[in-house]
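Residues per chain, in single letters:
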Amino acid sequence: MSGPSTYEPKTGFTRWLDKRLPIIRLGYDSFVAYPTPRNLNYWWTFGAMLSLCLAVQIITGIVLAMHYIPHVDEAFASVQRFKRDVSFGWLIQPIHAVGASMFFLAVYIHMFRGLYYGSYKAPREVLWILGCIIYLLMVVTGFLGYTLPWGQMSFWGATVITNILGAVPLVGESIQVWIRGGGAIDQPTLNRFFSLHYLLPFVIAGVVVLHIWALHESGQNNPTGVDVKSKADTVPFSPHATMKDLFATSLFLILFGVFVFYMPDALGHADNYIPANALQTPPEIVPEWYLLPFYAILRAVDFNVGPIDSKLGGVIAMFASIAVLFVLPWLDTSRVRSMRYRPIARQFFLIFVVVCIALGWCGGQNPGRLIVPATYNATLNWVQGGEVVEQPVQSAGEAGWDEAAAEAEEAMRAQGMTLVATTRTGASVGTVRGVRGGAPQSASVSAPSSDGLEEAITEAKEEHAAAAPYYMVERNIPGTFTVTNLSQVLTAYYFLFFLIILPLLGLRETPGRVPETIAKPVTTQTEGA
Amino acid sequence: MADAGAVGAHEEDATRRDFIYIAAGAVGAVGVAGTAWVFVDQMNPAADTRALATTEVDLSAVEAGQQIQVLWQGKPVFVRHRTADEIASAQRDDYANLKDPQHDADRLLQADGAAGKPEYLIIEAGCTHLGCIPTFAEGAYNGWFCPCHGSVYDTSGRIRSGPAPENLYVAPYVYLNDTTIRIG
């Protein structure tokens, strides 16, 4: 794509160096002369922001590591000390914490850009896969880093995530102990998480080099998805792309700055300001916002599928949701790259974006929360007045209990007693109870939630307690639509989009017409003339 | 024939060379695997961590009606000194409608299979739903109540209502003498 190098060393020293280490040539070819399509829009500026984010995280991280103590007794205090006592610690720590969020914000936009404009299609499959690897490394690094401040959310987040690994059959528990370095999250875990959190950004930087190398080999995609036809369709990277990237990055830095200076904790969880306590769980355990969609997919599987129990099923779904990205270049059968010319696919893509955001919302909610309001009803039956009769029940053996209980109840009903019930108190003994005479009464209660209904039932019982000791309660549990149900629908669409819609649509759809001006280079004729 | 002899010698040579390649490769692979194992295994629990794998508890410090939490392998464990009422209700509910049916006596068994004492219930504190720590003596059965998603456990640590699938796990323990137990 880049073609032969056009670099010409000007001075004696650069000529001398160029023969020995052509590093200036590499930089010139990659970031000055490198031809970029003329029609790139602002969605193409996020790569620059991501490079900046990585640099910011590494620099602030190295500074943080100079003051951080990876010890269970001191980690929390050392972060607080850094923020309060170290010069400019108040600035550097929030840059690192907010920087993680900004990094993910930019990477998600970058990924959606790639999805929309078909940047994963031939010849850019390897470029896309390298990007997926970078994203996966970012997720792991983000999770490890969130553990280090050793707050409640750090500790319990690490507990939940390492518990997830325990769901893997046969080897799960060994892997879990191996990762933790003990039976639970403790000193060995914190120490190794710190070590790995320091290592992984440099691994990311290495894969970024490969990512850019692959990009420069195949050339950039562009909003039309149509290959660049001639040199006239491109402009040199500098100053055109450099300036555009700088402008977009400045806007991005304003957003970054707003968070750092005005709401440094807005994206974190308040509970992480409580030091980690192995003896007490916070009321809710949620990951950072950028992992919420995957957390929602993990929790969406609350049912068993054949031999796979719900816990393992959730883990499989969560990993599959990332794994599917790796094979995307071969799932999408359409030969048209850009969704600009795929009107139907574009609709499905927009739904997909909404689904991803909605999954993020679900991940932050209590899974049992009702989305559609429902009414829980119960009917209480009791007898006003009357006389309570209690008799012991004895069965021949443990196995004969059910029969004996049924007989005893039948005998009481035959005598005209109401509210007959048995209570088992041992292997073959129990009590049967009924009420003779009295006036049957009933009352209905309703509440907007299951807990509320139980409260209402208890209240109703207390109201009539003196007169009637025994009740029959019929609960009418309505069909409900909870956050879990919504997550299931959204998760289904997530996989449907990649595994069914994209493969089938590519074969069936009629792409929109590419305008003449795009199919042919505009400037060629003028140049030829 | 000279020709055939040369070809034969050449073939023999190739086989011998193949053997050397495979043998050297195999030795190299074993060496790499052996070296890799060193760096993998160092992440497993260290000797001092494993030495802390058991915890001894003096039961006499726990008054009837109280519970203490001890850390065993970094995990919290409930040691509950149950009152006569609590024992009675736990035993009475052996035949109640249970999600994960288990008799109270079975939940008191020591790690070596000997019967435990009904006064002392020793169970792991992690809720079987998502691992939260339930609060003591709350909920309809006066056992434990998990504040995260509302699981209710009885005085035997059995799940009675809520999303948790199983009873709280019994910690492996043995009596060292009348008032001391060892967990693990």
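Conventions adopted
- Residues numbered from 1 in each chain as written.
- Chains lettered and ligands numbered in written order.
- Predicted model: local features only at pLDDT ≥ 70, side-chain atom pairs only at ≥ 80, totals over all residues.
- Pairing = 2+ DSSP bridges.
- Helix = DSSP H or I, 4+ residues; strand = E, 2+ residues; numbered from the N terminus.
- Domains from an automatic or database assignment.
- Contact = placed C-beta atoms within 7 Å.
- Nonpolar A, V, L, I, M, F, W, Y, C, P; charged D, E, K, R; others polar.
- Expected span 1.5 Å × (residues − 1).
- Bend = angle between axes of the 7 residues up to and from the residue.
- Core = buried A, V, L, I, M, F, W, Y, C linked by C-beta atoms within 7 Å.
- Buried ≥ 20, exposed ≤ 12 C-beta atoms within 10 Å, placed from the backbone.

Q: Explain the pairing of strand β9 (residues 173-177) of chain B residue by residue, including any values.
A: Residues and elements named next belong to chain B. In terms of strand pairing, β9 meets strand β10 (residues 180-183) through four bridges, oriented antiparallel. Across the sheet, the residue bridging to Val-174 is Arg-182, located in β10. The turn joining β9 and β10, which pair antiparallel and follow one another in sequence, is formed by two residues.

Q: With reference to specific residues and values, describe the domain arrangement of chain B.
A: Along its sequence, chain B is carved into domain 1 (1-44) and domain 2 (50-183). Taking only C-alpha atoms, the centre of domain 1 of chain B and the centre of domain 2 of chain B are 58 Å apart.

Q: Account for the sheet that holds strand β8 (residues 159-161) of chain B, naming residues and giving values.
A: Residues and elements named next belong to chain B. Strand order across the open sheet formed by four strands is β5-β6-β7-β8, with antiparallel pairing between neighbours. Looking at which strands have only one partner, the edges of the open sheet turn out to be β5 (135-136) and β8. Two elements, strand β6 (residues 144-145) and strand β7 (residues 152-153), share two bridges in a ladder whose sense is antiparallel. Note that in β7 the partner of Trp-144 across the bridge is Tyr-153.

Q: Go over the interface of chain B and chain A, please, and point to the residues and values.
A: On the chain A side, the residues contacting the 20 residues of chain B number 23 residues. Listed by contribution, the elements that provide at least two residues to the side of chain B that touches chain A are β2 (67-72) and β3 (75-81) of chain B. Among the residues forming the side of chain B that touches chain A, the class breakdown is 11 nonpolar, seven polar and two charged.

Q: Now, about helix α5 (residues 89-116) of chain A: what can you tell me, with residues and values included?
A: Residue and element names in this part refer to chain A. Helix length check: α5, at 28 residues, gives a terminal C-alpha distance of 40 Å against a target of 40 Å (1.5 Å per residue), a fit within 8%. At Gly-99, α5 shows its maximal bend, which comes to roughly 30°. Of the residues flanking the end of α5, it is Gly-118, one or two places downstream, whose phi is positive at about 65°.

Q: If you had to explain the nonpolar core to someone new, which residues and values would you point to?
A: Ranked by internal contacts, the top residues of the largest apolar core, which has 48 residues, are A:Ala75, A:Val98, A:Met102, A:Phe103, A:Ala106 and A:Trp150. Looking at this core, the elements with two or more residues in it are α3 (46-67), α4 (75-84), α5, α6 (125-147), α7 (152-165), α9 (187-218) and α10 (237-262) of chain A. A:Met102 has contacts with A:Cys53 and A:Phe256, leaving out every residue within four places of it along the chain. Counting residues in hydrophobic clusters, the runner-up holds 28 residues, among them B:Trp72, B:Val77, B:Val79 and B:Ile122.

Q: Describe the environment of A:Val388, with residues and values.
A: All names here are of chain A. By the secondary structure assignment, Val-388 is in strand β5 (residues 387-394). Take Val-388: there are 15 C-beta atoms within 10 Å of it, and that puts it in the partly exposed class. Remark: the alpha-carbon pair of Val-388 and Leu-267, spanning 121 residues in sequence, is separated by 61 Å.

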